[in-house]
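# A closer look at the structure
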Amino acid sequence: MARALRRLFHLVLFCPLSKGLQVKYLLLAWLGVLVASWVLYVQYASYSELCRGHVCQAFICDHYSRGVISGSSCKALCEQKTLTLRHCMSTSSQHQVYAGHWKERPVVIKCGIEDGAEADGAPDLANSRRRRRSPFEKPTRGTSVDEFKEMLHGFLKDNLGEQPSLSALVERIISLADVNLDGKLSLAEAKSIWALVRVNEFLLTVALQEKEHTPKLLGFCGDLYVTEPLGHTSLYRLEVPPSLRALVPGALVSGLNRWLAPAWPRRARITVGLLEFVEEVFHGPYGSFLICDASPRHVGYNAKYDCKMADLRAVASEAAVRAHLKGRRCESNADCTYGRDCTATCDRLAKRCNAQVVRPNLAKVCALLQDFLLYGAPAELRGDLERQLRTCVTLSGLASQMEVHHSLVLNNLKTLLWKKISNTQYS
């Protein structure tokens, strides 16, 4: 067999009957080698830039060993080595995300890292300390617990708005920080929790921890935190790396994702969960939250097909979005954008942004769900489903529409799906 392949290779490349054909094959072979080498180089370069968990771990453990920080995961990460970072899932060099193991159980580990940290080899801890001094600077020695609570309350008020339940959230955060459960708050515990609440995703994880569709917080160390894993971290199973998107047709990716997608009843179950999340973040105990990047990469689900938000960085408090947009100088609506999807109108006479976001969460989620849900839908349901999704996508964020109309559209869509899958193995 090997001999036959060698003969075929010789005939193709060195056939004496056609010198032109021989040159063409050689050129194509060299071109293939060049393209493959470029793809491998780009993939390696992007991996080295994005995946710097070793820098993050070294920075955290250095501060832990010096007694600067504390946390429920510190001993496992830095001393016992039972919390390990294994598979890199980062999409940004400043936000490290790893699949890992803690006592042989799967977890997700997240850690912030600033630009300029060493990307290759052993991290430069001295330079890293200078670059990342700010996360653990406050509170300073001598700060009382009452003063720290006031700091937390003021920060939460700035980020979540004036809410009657902020005091309860402050107490929850203080309780979370008390790692050794001695009823006191050490300086290291205070520094760690102060750094963490300034990470928007962690703050939202704590604020929405009682909600069904938020991943459970399992532990933390400094500003590194650990959450439960999800079986699927995106609505779609196939995602083409940015470096290859120009080479792979979008229609091919879409077709493969449809082929790999769960059965329609399971997609309906995931959809119901996502709609419930939209309900949960609308007028909750800590205010309203807006989905400012409605991407399938931020919505995941577990082995039971329960929807879980894989990346809460896509969500922001309405108070924070309004504060960012209000009075911002603009020339067009594109200048009045927070994240990718939270856009307000531009007053072109005053050249200032209005604070009201035009498109509500429900409309953005329905646009995301159209292709995911309509493909493979039962024939008797498809017409109604298509009409309801079309109505949902056209919703606006005007105050006159927000309450009753949005609730009606959302409940109609949930009822339509739930009737179809209830009393089945998928319910």
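Note that the structure is predicted; figures quoted are calculated from it, not measured.

Conventions adopted
- Residues numbered from 1 in each chain as written.
- Predicted model: local features only at pLDDT ≥ 70, side-chain atom pairs only at ≥ 80, totals over all residues.
- Heavy atoms only, no water.
- Buried < 20%, exposed > 50% of the residue type's maximum accessible area, 1.4 Å probe, protein only.
- Helix = DSSP H or I, 4+ residues; strand = E, 2+ residues; numbered from the N terminus.
- Pairing = 2+ DSSP bridges.
- Core = buried A, V, L, I, M, F, W, Y, C linked by side-chain atoms within 4.5 Å.
- Contact = heavy atoms within 4.5 Å.
- pLDDT = per-residue confidence, 0-100.
- Axes fitted to C-alpha atoms, helices over the stretch in contact; angles between N-to-C directions.
- Salt bridge = Lys/Arg side-chain N within 4 Å of Asp/Glu carboxyl O.

Attention now moves to the pairing of strand 4 (residues 217-221). Where burial is concerned, most of strand 4 is hidden: four out of the five residues are buried. Pairing of strand 4 with strand 5 (residues 224-227), which is carried by four bridges, proceeds in the antiparallel orientation. Considered in strand 5, the bridge of Leu 217 is made with Thr 227. Between strand 4 and strand 5, which pair antiparallel one after the other, the connecting turn spans two residues, and Gly 222 there sits at a positive phi close to 60°.

What follows is about the nonpolar core. By size, the foremost hydrophobic cluster in this structure holds 69 residues, and its most contacted members are Leu 156, Trp 264, Leu 362 and Leu 385. In terms of residue count, helix 13 (residues 361-374) provides more of this core than any other element does, nine residues in total. Every residue in contact with Leu 362, bar those within four places of it in the chain, is listed here: Leu 275, Val 278, Cys 392, Leu 395, His 406, Val 409 and Leu 410. Among the nonpolar cores identified, the runner-up in size contains 20 residues, and Val 68, Ile 69, Ile 109 and Cys 221 belong to it.

Right, let's get into the confidence of the model for the protein chain. On average, residues of the protein chain score 82 in pLDDT, and 79% of them are at 70 or above. For the protein chain, helix 5 (residues 125-131) is the element with the lowest average pLDDT, namely 37, and strand 5 is the one with the highest, namely 96. Note that residues 41-46 has pLDDT below 50 and, in this model, three contacts with residues that lie over four places away or in other chains.

Read from one edge of the open sheet, five strands run 1-2-3-5-4, paired in antiparallel fashion. Each edge of the open sheet is held by one strand with a lone partner, namely strand 1 (83-88) and strand 4. For this sheet, the mean angle separating the axes of adjacent strands, direction not counted, is 30°. Bridge count between strand 3 (residues 105-112) and strand 5: four bridges; the pairing is antiparallel. Bridge assignment links Ile 109 to a residue of strand 5, and that residue is Val 226.

This next bit is on the sheet that holds strand 10 (residues 337-338). One open sheet holds the three strands; their spatial order is 10-11-12, and the pairing between them is antiparallel. The sheet is open, and its two borders are formed by strand 10 and strand 12 (352-357), each paired with just one other strand. Of the pairings in the sheet, the one linking strand 10 to strand 11 (residues 342-347) comprises two bridges and is antiparallel in character. Considered in strand 11, the bridge of Tyr 338 is made with Cys 342. Relative to strand 12, helix 12 (residues 318-325) is tilted by about 165°, and along the sheet it contacts strand 10, strand 11 and strand 12.

Scanning all chains against the criterion turns up 15 salt bridges. Across the pair Asp 62 and Arg 66 runs a salt bridge, and its minimum N-O distance is 3.3 Å. Judged by relative accessible area, which is 11%, Asp 62 ranks as buried. Note that Glu 228 and Lys 308 form a salt bridge whose closest N and O atoms lie 3.6 Å from each other. Remark: Lys 308 occurs in strand 8 (residues 307-309) and Glu 228 occurs in the loop between strand 5 and helix 10 (250-260); sequence separation between them is 80 residues. Judged by its relative accessible area of 9%, Lys 308 is buried. Each of Asp 293, Arg 340 and Asp 341 takes part in one network of salt bridges that share partners.

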